[in-house]
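Listed below are the residues making up each chain.
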Amino acid sequence: MKNPKERMDVMLSRLRKQGFRVTPQRLAILEILSVSEGHPNAEQIYEQVIKDFPTTSLATIYKTINVLKSLGEVLEIGFADMGARYDGAKPYPHPHVICTKCGRIVDPEHIITDDLSLRISEATGYKITRHQLDFYGICPDCQNEE
Ligand SMILES: [Zn+2]
Ligand SMILES: [Zn+2]
């Protein structure tokens, strides 16, 4: 798995190739997405970005996310009850573990390997284009509060 700095560089160069102007605000969005701590939604990214760039609009967040999504550089995870969440650290389909109390989403690193799609493709002959594998539970922070 790539580190956040490398992910950010990849996203940056792809955006620049598309002629997308990378402003300091958009750079801040990339920085948050490249870490994808907790798999934020657009509003959570917005709240972080306006701390440093108070004039940023939510539309800018959505626009940047949508361009990255169309380039395959951000994974959108959709939930009926919590809307869309984003992962720019790992833009390809992978399993997620979701806290049903606070909505925090993490990647189950090392337990289910990242090459799951590849292995299923090899085993079945299917070309896997997407998959969704979600585990629901209570995160350690929420357990401590109980
Ligand atoms: Zn929680
Ligand atoms: Zn993820």
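Before reading on, note that the structure itself is shown above.
Residues numbered from 1 in each chain as written. Chains lettered and ligands numbered in written order. Predicted model: local features only at pLDDT ≥ 70, side-chain atom pairs only at ≥ 80, totals over all residues. Heavy atoms only, no water.

*Asks:* Would you explain the overall build of the protein in this entry?
*Replies:* Looking only at helices and strands, the protein has six helices and five strands in total. Relative to the compact-globule value of 15 Å for 146 residues, the protein shows a C-alpha radius of gyration of 16 Å, a close match. If one aligns the C-alpha atoms of the protein with their principal axes, the spans along those axes are about 45 × 45 × 25 Å. Looking at the protein residue by residue over its 146 residues, the buried ones come to 37%. Per element, the accessible surface of the protein, about 8,800 Å² overall, is 53% carbon and sulfur. Distance from the positive charge centre (18 side chains) to the negative charge centre (20 side chains) of the protein: 9 Å. (Helix = DSSP H or I, 4+ residues; strand = E, 2+ residues; numbered from the N terminus. Rg over C-alpha atoms; globule rule 2.2 N^0.38 Å. Buried < 20%, exposed > 50% of the residue type's maximum accessible area, 1.4 Å probe, protein only. Areas by Shrake-Rupley, 256 points an atom, 1.4 Å probe, with all protein chains shown as cover. Lys, Arg positive; Asp, Glu negative; His and termini not counted. Charge placed at Lys NZ, Arg CZ, Asp CG, Glu CD.)

*Asks:* What exactly am I supposed to notice about the coordination of the zinc ion (ligand 2) here?
*Replies:* Taken together, the protein ligands of the zinc ion (ligand 2) are His39 (NE2), Asp87 (OD), His94 (NE2), His96 (NE2) and Asp107 (OD), with distances of 2.0 to 2.1 Å. On the primary sequence, the residues serving as donors to the zinc ion (ligand 2) are separated as H-x47-D-x6-H-x1-H-x10-D. Taken as a pair, Asp87 in strand β2 (residues 83–87) and Asp107 in the loop between β4 (105–106) and α5 (116–124) lie far apart in primary sequence, 20 residues in all. A single burial state applies to Asp87 and to Asp107, both of which are buried. (Donors = N, O, S within 2.8 Å, 3.2 Å for Na, K, Ca; no water.)

*Asks:* Would you take a moment to explain the coordination of the zinc ion (ligand 1) for this structure?
*Replies:* Think of it this way: four donors in a tetrahedron around the metal ideally sit 109.5 degrees apart, and six in an octahedron ideally sit 90 or 180 degrees apart. In this structure, Cys99 (SG), Cys102 (SG), Cys139 (SG) and Cys142 (SG) serve as the protein donors to the zinc ion (ligand 1), at separations of 2.3 Å. For the zinc ion (ligand 1), all donor residues lie on one chain, and their spacing in sequence is C-x2-C-x36-C-x2-C. For Cys99, a relative accessible area of 3% gives the class buried. By relative accessible area, which is 45% here, Cys102 ends up partly exposed.

*Asks:* Honestly, the packing of helix α3 (residues 42–52) against helix α4 (residues 58–70) in this entry has me stumped. Any pointers?
*Replies:* Two quantities define a packed helix pair, namely the angle between the axes and the distance from one axis to the other. Running from amino to carboxyl end, α3 crosses α4 at an angle of 120°, the nearest separation of the two axes being 9 Å. Taken as axis vectors, α3 and α4 run oblique relative to one another. Relative to α4, α3 is oriented so that their crossing is right-handed. In this structure, α3 uses Ala42, Glu43, Ile45, Tyr46 and Val49 to contact α4, whose residues at the interface are Leu58, Ile61, Tyr62 and Ile65. (Axes fitted to C-alpha atoms, helices over the stretch in contact; angles between N-to-C directions. Parallel < 35°, antiparallel > 145°, perpendicular 65-115°, else oblique. Left-handed = near helix turned anticlockwise from the far one by under 90°. Contact = heavy atoms within 4.5 Å.)

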